[in-house]
Structure formats: C-alpha cells, structure tokens
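Structure at a glance
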Amino acid sequence: MSSARRPDRSGLEAPSPLPSGAPLSGSGDPSPAASGIVRGRLSFPADGRLTVVQFNDTQDSHRTDVRTTRLQRAVLEDVDPDVVVINGDVIDGVPATPLELRQAINNVVQPMEERGIPWVLTLGNHDTDSAAATGLGAAEILEFAGRYAHNLNTAGAAGITGSGNQVLTITGSRSQGDAFALWLIDSGRYAPERIAGQDFEGYPRWDWVRADQVRWYLETSEAIEAQNAGPVPGLLFQHIPLWEHRFMWFASVDSRTSEDHARAVARHGIVGQRHEQEATGPVNSGLFSALLHRGDVRGVYVGHDHVNTYDGDYYGVRLGYGPGTGFGTYGLPGRQEHQLRGARVFHLDERADGVLAGTELRLACDYGIDLSPGRQPGPPAELPAWAR
C-alpha cells in the first residue's frame, strides 16, 4: 500500500498536547479549559460528507502481527476516511519497558500518521495492564499519543472518573457551528475487588462508566446545545459494551432464546454476528437512559468482544460493535480464528436526518489478507525521532 503523505486535514501541524480537553486558541469555545469539549480540529468538507473508521482491539505488543497493520492500511486506502477512532485495547499487557509500550502504540498509529489522517483513541481494559512493568499508565499513554502530529486526544474532562473523556465537535460545511460530535468515553479497566465488603464473584469482572461521567455527558450535551441553539447529533465510542447491547440482541432482559433473538431482529433491525456474550461490567451505569433523555447521540459503538460484529436500532439509538482489528489476540475457534478481523465505517452527511447516513463493516477477507490461524509477529515500526 502507498504510504504517501496526504494533505493534513486537521489543519494543524504537529500540535503540542492539549491540557484537559482545552480548546485550541482562537476556537471561540467559551467553555472552561477542563470541559472536555474540543473544537476546531475537524470540519465537514464542502460537500457536507465525512467518513469515520473505527478500529478496535488492535491489542498486541511491540511486535504487532504484520496482518494487523496490513488490514489497517488496506481499509484506509479503500475508505479514505476523514478521521479514525481506535476504540480501546490499543495494546496488550506484554510490553515490559517504556520503549516497548511506545513501540506497541506506534505500530498501530503509523498507518494514520503516514497518510495525514486525524485519529483519536479511547482506553480499554488492557491498555494499562503493563503499567506495573513500564511505569506508564492511562495519563502517560494519552500524553504520548497526543504528541503525534495528527492525534486529537486530550487529557480529557477534569475532575471525573477515567482519562481522556472528551467530545470532538465537527464544524459544519456551511456555518461555524457544530454539525456533529464524536463522544469518547473511558469505560474503565476492571471491576473493583469489593464494594461495601462484598466481592463480585459470579458477576462480570470488567469496569463500567461511572455516575460522574454520565453527569459530565448530560451537562456537556446541554452546553453544546445551548451554544448551537439546538441539539447536535453525535456518535459515542467506548470500549466496554453497555448492558443494553445484550438486551437488544434478545429483545429481553431475562430470556435469551433463539425466539427472543428472532423477535429482536424484527424489532431492532439487527445485522451482524454474535459469537460471545457481551462482557459488560457488573453495574448498569445508566448511560443509555441519559442518552435517551438527551436525544442527541445516534449510536454507541464498542469493541472488547472481538468476535461480535452486530449493529441495530435500540429505541432510536444504534448499538453496535466494531470487529476486532488485531490478529495478535483471540478470535473465532480453530481454522476460523481470523475470519472476523476488520473495521467499522461510518458515513456522515449533513443533509441526512441525524447526519449519520449509514455504517458497514470492512473485513480482512475483503482485501485478500492471509487468514491463517496463529500469529505473525513483525519487527517494531520506526519510532518518530521525538519518541526515541
């Protein structure tokens, strides 16, 4: 694939890291620097159409499987997106030194950097698994990512749970107002060992979005609406799925039969596959209720469960998965291990109702990439001079 550098569509060259969601100078954003609102970095082109690609679970070490980056490059060449979201579990827990961690991240962001494509990441449960060995946790990962010329991450909203909680607004093609928003939520790592002296044995062991993050979304959504004289539609990306993803698949909270799923397909228009249970946290955060209340987010897209690819309309909010992108982690059983490696593509159009015009998958099998089981680790990509 060509690695020719594209025009810089963020309009900026090598930005320095921004503190706590601070807007760019001169963006006209009246919000406090720690609000998590990031303006002035993305805009619709003149035709009012914009494409987003979601990669997730690239999840590998400093010796990333060579097919992972081949798949990324193939999707980028095919789709020519305007912005990319790596939706959590960017790396695994193998890096044993700061250098290896930086190399692991660098491997999977170079496909965007070499093409001049703006990109952003959310944090997954595995991204800080190596923190004890490397000394680099969530804040340090975001700081490192923010040094890349085309990265759009900030430290995120101040004073709330998690790191990198932010909303990237996209300026309209015919006005200086916000036409769309990309919400990025840190869904955490793992559930605590105990609460009130009680353990979580028998419950899902992953984390959940906390109440202060939900409150931040509600208040920030209201602020954006006030600044634009109306709600601004958007997509929300987080790594760990909501309980509502599972509810949608079965059109039920308690019953989980094939008949339930058939009813769900008819009711919610579900397309795609489900090969594992939704690995949620033990607590329902209430985020979905907040989204219904505000009515601006058009879809919540997650990763975490590598072999789920489905998407549907759950009471006006699309709930879906991006397939696992990385070849260095688990997939389907046996010879089918890598059959669902891929990405999700979103088409935005200012003329469409709600701006979200459609979404579909791109799979490695579409590009003739080797799907042989097992791993094919490669050498680390060259680090930028500033990172060596």
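If you're wondering where the values come from, they're calculated on a predicted model, not measured in any experiment.

Some words on helix H1 (residues 66-79)
With 14 residues, H1 extends 20 Å from end C-alpha to end C-alpha; this agrees with the ideal 20 Å at 1.5 Å per step. The inward-facing, buried residues of H1 contact strand E2 (49-55), strand E3 (83-87), helix H2 (98-113), strand E13 (342-349) and strand E14 (356-363). Capping the start of H1, Asp65 holds a side-chain oxygen 2.9 Å from the backbone nitrogen of Arg67, two or three residues further along. One or two residues past the end of H1 sits Asp80, with phi positive at roughly 55 degrees.

With respect to the sheet that holds strand E4 (residues 119-122)
Spatial ordering of the open sheet is given by E4-E3-E2-E13-E14, a layout of five strands whose pairing is mixed. Every interior strand has two partners, whereas the edge strands, E4 and E14, have only one. Ignoring which end each strand starts from, the neighbouring axes of this sheet average 20 degrees apart. As defined by bridge partners, E13 adjoins E14 across seven bridges and the pair is classed as antiparallel. When the sheet's bridge partners are listed, Ala343 is paired in E14 with Arg362. Sitting on the sheet, H1 touches E2, E3, E13 and E14, and the angle it makes with E2 is about 170 degrees. The sheet strands contacting H2 are E2, E3 and E4, and the helix crosses E3 at an angle near 165 degrees.

A closer look at the confidence of the model for the protein
Chain-level pLDDT for the protein is 92 on average; 91% of the residues reach the 70-or-more range. Across residues 1-33 the pLDDT falls below 50, and counting only partners more than four positions away or on other chains, this stretch makes 80 contacts in the model.

Looking at the packing of aromatic side chains
Tallied over the full model, the rule gives 15 aromatic pairs. Of the aromatic side chains, those joined through ring pairs into one cluster are Trp119, Phe144, Tyr148 and Trp386. Here the guanidinium or amino end of Arg210 rests over the ring plane of Trp208, the centre of that ring lying 4.0 Å away. For the cation-ring pair, Arg341 lies above Phe327, with the distance from its terminal atom to the ring centre recorded as 5.9 Å.

What to know about the sheet that holds strand E11 (residues 311-314)
With respect to topology, seven strands assemble into an open sheet ordered E1-E5-E6-E9-E10-E12-E11, the strand pairing being mixed. Bordering the open sheet on either side are strand E1 (37-43) and E11, each of which pairs with just one other strand. With strand direction ignored, the average angle separating the axes of adjacent strands in the sheet is 20 degrees. Here strand E6 (residues 178-184) runs beside strand E9 (residues 234-237); their pairing, made up of four bridges, is parallel. Its bridge partner lying in E9, Leu182 is registered against Leu235. Across the face of the sheet, helix H5 (residues 211-228) comes into contact with E1, strand E5 (166-171), E6 and strand E10 (297-302) while running at roughly 170 degrees to E6.

Observations regarding empty space enclosed by the protein
Across all of its chains, the model carries four cavities of 30 Å³ or more by this definition. In this structure, the largest cavity is lined by 14 residues; those nearest its centre are Trp208, Pro241, Leu242, Val283 and Ser285. Per-class residue counts for the lining of the largest cavity are seven nonpolar, six polar and one charged.

Observations regarding the packing of helix H6 (residues 243-250) against helix H7 (residues 258-268)
Axes are the key here: two packed helices are described by the angle between their axes and the distance separating the axes. Running from N to C, H6 and H7 point in directions that differ by 100 degrees, and their axes come no closer than 5 Å. Between H6 and H7, the interaxial angle falls into the category roughly perpendicular. Of the residues in H7, those touching H6 at Met248, Trp249 and Phe250 are Asp260, His261, Arg263, Ala264 and His268.

Here's the deal with the environment of Trp206
Within the secondary structure, Trp206 is located in the loop between strand E8 (198-199) and H5. Residue Trp206 is classed as buried on the basis of its relative accessible area, which comes to 18%. For the pair Trp206 and Asn125, spaced 81 residues apart in the sequence, the C-alpha separation amounts to 7.6 Å. Discounting chain neighbours no more than four positions away, the residues touching Trp206 are Asn125, Arg189, Tyr190, Ala191, Ile240, Ala279, Thr280, Gly281, Pro282 and His304.

Reading guide: rules and limits
Residues numbered from 1 in each chain as written. Predicted model: local features only at pLDDT ≥ 70, side-chain atom pairs only at ≥ 80, totals over all residues. Heavy atoms only, no water. Helix = DSSP H or I, 4+ residues; strand = E, 2+ residues; numbered from the N terminus. Expected span 1.5 Å × (residues − 1). Contact = heavy atoms within 4.5 Å. Polar contact = N/O pair within 3.5 Å; in protein donor to acceptor, adjacent residues only side chain to side chain. Pairing = 2+ DSSP bridges. Axes fitted to C-alpha atoms, helices over the stretch in contact; angles between N-to-C directions. pLDDT = per-residue confidence, 0-100. Phe/Tyr/Trp six-rings, centres within 6.5 Å; stacked < 30°, edge-to-face > 60°. Lys NZ or Arg CZ within 6 Å of the ring centre and 35° of its normal. 1 Å grid on protein atoms, 1.4 Å probe; cavity = no way out; pocket = protein on both sides within 12 Å on 5 of 7 lines; lining within 4 Å. Points joined across faces, edges and corners; volume = space filled by probe spheres on them. Nonpolar A, V, L, I, M, F, W, Y, C, P; charged D, E, K, R; others polar. Parallel < 35°, antiparallel > 145°, perpendicular 65-115°, else oblique. Buried < 20%, exposed > 50% of the residue type's maximum accessible area, 1.4 Å probe, protein only.

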